[in-house]
Every structure is written in C-alpha cells, then in structure tokens.
Number of protein chains: 2
Amino acid sequence: MNVETARRRFEAYLRERGLRVTRPRMEILELAWSTHRHFSAEELWGWVRERSSTTSRATVYRTLALLVEGGFLAPLDDRSGQMLYEHILGHSHHDHMICLGCGRILEFRNEAIEELQEEVAREHGFHLTGHTLTLEGYCRSCARRRPGLLEGGREEAAGGS
Amino acid sequence: MNVETARRRFEAYLRERGLRVTRPRMEILELAWSTHRHFSAEELWGWVRERSSTTSRATVYRTLALLVEGGFLAPLDDRSGQMLYEHILGHSHHDHMICLGCGRILEFRNEAIEELQEEVAREHGFHLTGHTLTLEGYCRSCARRRPGLLEGGREEAAGGS
DNA sequence: ATATCTGCAAATCGTTTGCATTCGG
DNA sequence: CCGAATGCAAACGATTTGCAGATAT
C-alpha cells in the first residue's frame, strides 16, 4: 500500500468520524509510511525533528494511537519497553520472531497455527478478537556466533510465558 | 509445587550462585507462592505492607527479577502496562487467553501449536529459546453480555499484531 | 463561529538506580 | 570482617494529560 492511498484512506477515515484533517496528522502518516521497518514513536518523532517540523511529540503519540484504532498501524511489543509500529493496510496478518542477539524482527505466517488458535478459543467458549504470537531466539547469523546454541541446548531458563 | 519445596529450591539456587539467603528474599518467595493467580509487582508489594514488613519496593522488584532468572516465575505481559507473574516451578508450559471484558486470564496448552512453532523456527534457521502466545477476546460470560459478538462478527479493527 | 487540535510543560506510572547502611557467611 | 543486599529517595523513560492558544470546517 503506497503513501498516496494510505493518505487518502486516512483522510476518509478522519472525515467519517468528524475528526479534522490537519497538517500534523498527515505529516505523521507520511513519515510512518516512509519506512518499511518497524519503528517506535520516539523514532518517528526523530524524523519529525529532522524535517524541522513544529509537530510535537504529544501529537505524534496521539496520532499513532489514532492510526492504530483505524487499522492503519499495528503495535508490536518487542519487550524493550517501547512499542513498535508497522503498517498493516493491505498487508495480510503475520506473526513475529525477534532475535535476542541483534534485535532483528522476522515475519512469518502459518495457516495451521492460525486455525489451531481459533479451535482452542472455540473449545473454551472464548470469543477471539486477536492474538499475539512472538517467537524469541537467535537468527541464523547470531546463532552462528553463539556456539553453545547450535547443538540445540536451550539457554534461557524458561520457555515462553 | 508447594511453598516448602519452592523455598528449599530457591535457597539452593541462591547458594549455588554465591548469593545470600536473606529474610526479604524468602519473604518475597513466600508471598509469591501465597496465591495461585497472576500477580503484579505492586500487588506483591501491597502484601508486604499488609504484613507491616520493612521489605522495600525496590527489593520486591529486584527479587522478582531473580526469581524469573532462576526459572521460578514467568513474566506475563497483559498489556495493562505492568508485568504479571506466575509460578512455573513444577507447572508445564502453557499459553494464555486474556479476556478484554473482565481481565480474566485463561490458560491452555496445545501441543500441535508448540510443534508448529518449532517447525516454523527451523524453516527460518531461527534458534528458538522461547515464545509468547496470547489470545485476546472475550470469555464466555463476557461474550454473553456483548450481543454483537455472538454471531462471530469481529469488533476490533485489526486482528493480532 | 466554534469545536477540535496542537504545542508546551508538567504529570503519570511502573520500574530502576545511587548510595550510605545493614547484614549474611 | 567484608562484600553483598537492603532501604530510601531520587532518577528514569515511555507515554499521557491539562490548558491556553491556534486551526479546520
């Protein structure tokens, strides 16, 4: 999904809700679309300053929240304390693998896992609205640098939560 | 796993590492074992004060971190901003479903999902050390109170992350 | 016109840290 | 003894908020 389309959709979204189409909001949408990586609010706020724009940090946070509500961005908790964001407009749902060595984030989609989740929810009478699946470990290149890992020995004490 | 055993194991763990067995540490372990629910650091700190113990909030945080490192507790991010903890000593790994209505946390374990995760990691040359799978939605009783949900219509804009 | 947005700075909130003191081994 | 652990209060870092002035419709 290109910026143009995203911009148009965001404007439509705002108008539908009686919200205003403002310069700061559009600037933030464009900056969010200026990368294909995951980014944090502070990072985007950095891009704002690089442009010597007067848009404030508070507005960055407020607009990111709006973009998440509207289904333009999805938040991703990488456990570093700050939230990361990624565009989802026009992208199919996927889950993540986070490398504990270099912080790299890999994306994957597994249909069987998706279905099993729905099955589990159904079995428990749980009405599913979303899910978060994050695999933690070491990517190929980081694993190579940590010999102890290669034989398949787990290093962290506990598995997932 | 009862408190007694947990206490003994924690003492052993501390000694092995040349760390000291102190009153605050043992008190915190016991309080952590005084519930079968998920609890937050602040909550445990509340139990400390109820006992009019002199153990400080800082020590609560420091000891919880120690218990996580040692594989006694597992942290669970419920997206409320604070971390929750649960004992895992003697408990098999499981994942969670969090009810957005009442905050209740249901646990489940699905072998097929576990295996598929390992398979996905393997396919990507990723060395898996852990994972987080959290289903979000509404538990049976909360779903009943929200008629719109029953027909299977999704309400939140986006699915998972 | 006028309700919504914005920028600013101060406030939150969970968690962490520096440091002088206390305590376990 | 002596280094590790604690309590205290101050520091932190990401995010949120109150408010007066600016702006979109």
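Residues numbered from 1 in each chain as written. Chains lettered and ligands numbered in written order. Predicted model: local features only at pLDDT ≥ 70, side-chain atom pairs only at ≥ 80, totals over all residues. Heavy atoms only, no water.

Participant: Quick question: what am I supposed to make of the environment of Q82 of chain B here?
Facilitator: The residue Q82 of chain B is located in the loop between β2 (73-77) and β3 (83-87) in this model. In the structure, Q82 of chain B is positioned 19 residues away from T63 of chain B in sequence and 16 Å away in space, judged by C-alpha atoms. (Helix = DSSP H or I, 4+ residues; strand = E, 2+ residues; numbered from the N terminus.)

Participant: I keep staring at the domain arrangement of chain A and nothing clicks. Help me out?
Facilitator: In many analyses, interface size is given as the accessible surface area lost on bringing the parts together. All names here are of chain A. Domain boundaries assigned for chain A yield domain 1 (1-91) and domain 2 (93-161). Just the C-alpha atoms count here: the centres of domain 1 and domain 2 sit 26 Å apart. For domain 1, the biggest contributors to the area lost against domain 2 are H38, L76 and E86; these three give 56% of the whole. Summed over the shared surface of domain 1 and domain 2, the number is 0 salt bridges. Of all the secondary structure elements, the ones that give two or more residues to the side of domain 1 that touches domain 2 are β2 (73-77) and β3 (83-87). (Domains from an automatic or database assignment. Buried area = accessible area lost by both parts, 1.4 Å probe. Salt bridge = Lys/Arg side-chain N within 4 Å of Asp/Glu carboxyl O.)

Participant: How do you make sense of the sheet that holds strand β1 (residues 39-40) of chain B when you look at a structure like this?
Facilitator: In sheet architecture, strand pairing relies on hydrogen bonds along the backbone and comes in two forms, parallel and antiparallel. Residue and element names in this part refer to chain B. Pairing in this open sheet of 3 strands is antiparallel, and the strands run β1-β3-β2 from one edge to the other. With one partner strand each, in any of the chains shown, β1 and β2 form the two edges of the open sheet. Pairing analysis gives 5 bridges linking β2 to β3, with the strands arranged antiparallel. Paired with P75 across the two strands is Y85, which belongs to β3. Contacts between helix α4 (residues 57-69) and the sheet are confined to β1, β2 and β3, with β2 contributing the most and set at about 110° to the helix. (Pairing = 2+ DSSP bridges. Contact = heavy atoms within 4.5 Å. Axes fitted to C-alpha atoms, helices over the stretch in contact; angles between N-to-C directions.)

Participant: Explain the interface of chain B and chain A to me, please; I cannot follow it from the model alone.
Facilitator: Counting from both sides, the interface comprises 57 residues of chain B and, opposite them, 56 residues of chain A. Taken over both partners, the interface formed by chain B and chain A buries close to 4,700 Å², and the fraction arising from carbon and sulfur atoms is 58%. At the surface where chain B touches chain A, the tally comes to 0 salt bridges. Along the contact surface separating chain B from chain A lie 14 residue pairs in polar contact (both at pLDDT 80 or more). For the side of chain B that touches chain A, the secondary-structure elements that each account for two or more residues are β2, β3, β4 (95-99), β5 (105-108), α5 (111-123), β6 (127-138) and α6 (140-144) of chain B. Of the residues forming the side of chain B that touches chain A, the biggest block, 12 residues, is contributed by β6 of chain B. For the side of chain B that touches chain A, the class distribution of residues is 25 nonpolar, 21 polar and 11 charged. (Polar contact = N/O pair within 3.5 Å; in protein donor to acceptor, adjacent residues only side chain to side chain. Nonpolar A, V, L, I, M, F, W, Y, C, P; charged D, E, K, R; others polar.)

Participant: In this structure, what is going on with the packing of aromatic side chains? I would like to understand it.
Facilitator: Within a pair of aromatic rings, the relevant descriptors are the distance that separates the centres and the angle that separates the planes. Residue and element names in this part refer to chain B. For the structure shown, the criterion picks out 8 aromatic pairs over all chains. Here the aromatic rings of Y13 and F72 are separated by 5.6 Å at their centres, their planes lie at 70°, and the arrangement is edge-to-face. Of this pair, Y13 sits in helix α1 (residues 3-16) while F72 sits in the loop between α4 and β2, and the two are 59 residues apart along the sequence. On the basis of relative accessible area, Y13 is assigned to the buried category, the value being 8%. Measuring from centroid to centroid gives 5.7 Å for F39 and W47, while their planes differ by 50°, and the two rings are tilted. As far as the burial class goes, F39 and W47 line up, both buried. (Phe/Tyr/Trp six-rings, centres within 6.5 Å; stacked < 30°, edge-to-face > 60°. Buried < 20%, exposed > 50% of the residue type's maximum accessible area, 1.4 Å probe, protein only.)

Participant: In this structure, what is going on with the packing of helix α1 (residues 3-16) of chain A against helix α2 (residues 23-32) of chain A? I would like to understand it.
Facilitator: Helix-helix packing is characterised by the crossing angle of the two axes and by the distance between the axes. Residue and element names in this part refer to chain A. Taken N-terminus to C-terminus, the directions of α1 and α2 make an angle of 145°; their axes are 10 Å apart at the nearest point. Every pair of crossing elements has a handedness; the one defined by α1 and α2 is right-handed. Only R25, M26, L29 and E30 of α2 make contact with α1, whose side of the interface consists of V3, A6, R7, F10, E11 and L14. Of the residues contributing to the contact of α1 with α2, the split by class is 6 nonpolar, no polar and 4 charged. (Left-handed = near helix turned anticlockwise from the far one by under 90°.)

Participant: Just checking my understanding: could you explain the protein's contact with DNA strand C for this structure?
Facilitator: Around DNA strand C lies a shell of 22 residues, among which T22, T55, S56, T59 and R62 of chain A are the nearest. Of everything in DNA strand C that lies within 4 Å of the protein, sugar and phosphate atoms constitute 64%. Side-chain polar atom of R20 of chain A to a base nitrogen of DNA strand C: 2.9 Å apart, as the coordinates give it. Note that a phosphate oxygen of DNA strand C is positioned 3.0 Å from one of the backbone N or O atoms of M83 of chain B. (Near = heavy atom within 4 Å.)

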